Amino acid sequence: MHQIKHKSIIAIGIVAIAAFAFFVLCYQYHFYYKEQNQIFLLTADFFCAYTSTPAWLANYIGDLLTAFFYYRYLGPLIVAMCVFVLGLYTYKTLKFINIRHIDVVACIVAIIIMLLECVYHLSVTYQLAATIGKIFLVATIYQSVYWYKKAWWSSLSAIIIFMLITIPYGKHYKADIKQYIGSVRAPETILERDFAVDNEYYFGNYGRVLEMVKHTPNEQLTQEMLFFYYLSAAQMGQLPERLLDFSNPYLGTFEKIGPQTPHILINNMHELYWFIGDMTYAERAAMMTHVFSPQNRNVRMIKRMAEINLVTADTAAAIKYLRILEKTPIYSNWAKRRMPDAQNETLRNQIAHKQLYINATDDMQYGDDAYVILTQLLNSNPNNDAALNYLLCSDLLTKQMDTFWRDYNNYYGARRHRKLYDEALCIYLAGTEASAEQWRQADISADVQARFDEYCKQRGSSLFSDTYWYYFDTHK
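Our subject in this report is the structure included herewith. No experiment lies behind these values; they were computed from the predicted model shown.

1. Some points on the packing of helix α15 (residues 263–276) against helix α16 (residues 279–292)
Between α15 and α16, the least distance of the axes is 8 Å, while the angle of their chain directions is 155 degrees. Here α16 runs roughly antiparallel to α15, going by the angle between their axes. Crossing handedness for the pair α15 and α16: left-handed. Residue-level inspection shows His263, Ile266, Asn267, Met269, His270, Tyr273 and Trp274 of α15 in contact with α16, the latter providing Met279, Tyr281, Ala282, Ala285, Ala286, Met288, Thr289 and Phe292. In the contact of α15 with α16, the residues fall into eleven nonpolar, four polar and no charged.

2. Considerations on unusual backbone geometry
Notably, Lys399 is not glycine yet its phi reads approximately 60 degrees, a positive angle. Locating Lys399 in the fold gives a position in the loop between α22 (385–397) and α23 (401–412). You will see that Glu433, though not glycine, has its phi angle at about 50 degrees, which is positive. Take Glu433: it is sitting in the loop between α24 (419–431) and α25 (436–442).

3. So, the nonpolar core
Ranked by size, the top nonpolar core spans 82 residues in total, and within it Tyr230, Ile276, Tyr390, Phe404, Tyr421 and Tyr468 carry the most contacts. Residues within four places of Tyr468 in sequence aside, it is in contact with Leu244, Leu396, Lys399, Met401, Leu420, Glu423, Ala424 and Ile427. Met114, Cys118, Leu122 and Ile132 belong to the second largest nonpolar core, which has 28 residues in total.

Conventions we followed
Residues numbered from 1 in each chain as written. Predicted model: local features only at pLDDT ≥ 70, side-chain atom pairs only at ≥ 80, totals over all residues. Heavy atoms only, no water. Axes fitted to C-alpha atoms, helices over the stretch in contact; angles between N-to-C directions. Helix = DSSP H or I, 4+ residues; strand = E, 2+ residues; numbered from the N terminus. Parallel < 35°, antiparallel > 145°, perpendicular 65-115°, else oblique. Left-handed = near helix turned anticlockwise from the far one by under 90°. Contact = heavy atoms within 4.5 Å. Nonpolar A, V, L, I, M, F, W, Y, C, P; charged D, E, K, R; others polar. Core = buried A, V, L, I, M, F, W, Y, C linked by side-chain atoms within 4.5 Å. Buried < 20%, exposed > 50% of the residue type's maximum accessible area, 1.4 Å probe, protein only.

Geometric descriptors of this kind do not, in isolation, establish any biological role.
Below is the structure:
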């Protein structure tokens, strides 16, 4: 009998280990999303706010543990351990039923419940608090029965614990069961890849983003992946060179935030505005993402709003956000280093560098027209290479050659020539039947001109699929 019991516990442990391995190898970025989409404060007021809600202890512990999903491997480990505890208590509780072969049956039921709980965690909306609440419920039932068998009078304390911890949660079980049965799904592999490129960009691993997207099958590519692909390329100074890597480039510059905009795109726009230097629109996008997050508690957006206000020198607003972050278990040191009186020289230089590129135009703007935003940034600081490359590449994606020619002449100046732009100049000059003197003044490289002459003889040939000429002629 003891041998069967040990085998059952080992089987439950193997399922938990398998769950950990799956989440680490195939699903870890969902945990980052859950961590970023909440904020947890180590304060008395924050704790007291939980006590007025149903299942407050399960919710508090669940949100506290979710905050540690920030660390790689810790999210999968926490979930795997919780699932193991749930399975173990389920097994031990069912063992109290004194019928033949109950040990094997209890083990099978426990494993089924564990697997079902893992499936629930495939959803980004499923909270760890739900698992904690189930552990409380099963553990309290087990303890009540155990104490009752040992000494019936001591079961009173278990009943009291059961009422305090599990009954408030039990009021919501009926609705929860309907919701969670409806949320049973297969792994969201494409969404996981979206989260992957998002978070690798967030952690500054731009080269990894490029590799991940490059190796994604075309049928699985999303706008989210392409958005971060080109943003990562821009961070590495390679946007013009990589613009034509995909047949349908997506820069995000034509996206206008409104009621119909997908939530996942709204979550990203602040990264583009932050990179090109428009702090007003970066703050707007971050605020909208924050508002649309559960309970308006998106910690990643709070970090971004703190950074924005440091750049715009709104010290009071920056300190407000930093003081909130100081009270978190994860971002406390990050916030302390960015307090105005604690910034080191490196951080001050980074802020000063970002301040050079903010929009200084004395104008009112009522829409998120990227063309206006980018030209205003360049009028404020012609050295803003990030805004310039996004402007010119956006012109080329829409094939507005007259606009490209004007923007190129207005803003490009004496910068080094880029192959993509030289190819676009060829199209404009050929289309306007420019004179030999105009071709000479354009200063297009001899190699590009020679290849353009070859292309004109076999226009539309896939031999030139790496050129803007091919994109211009074949892309609808």
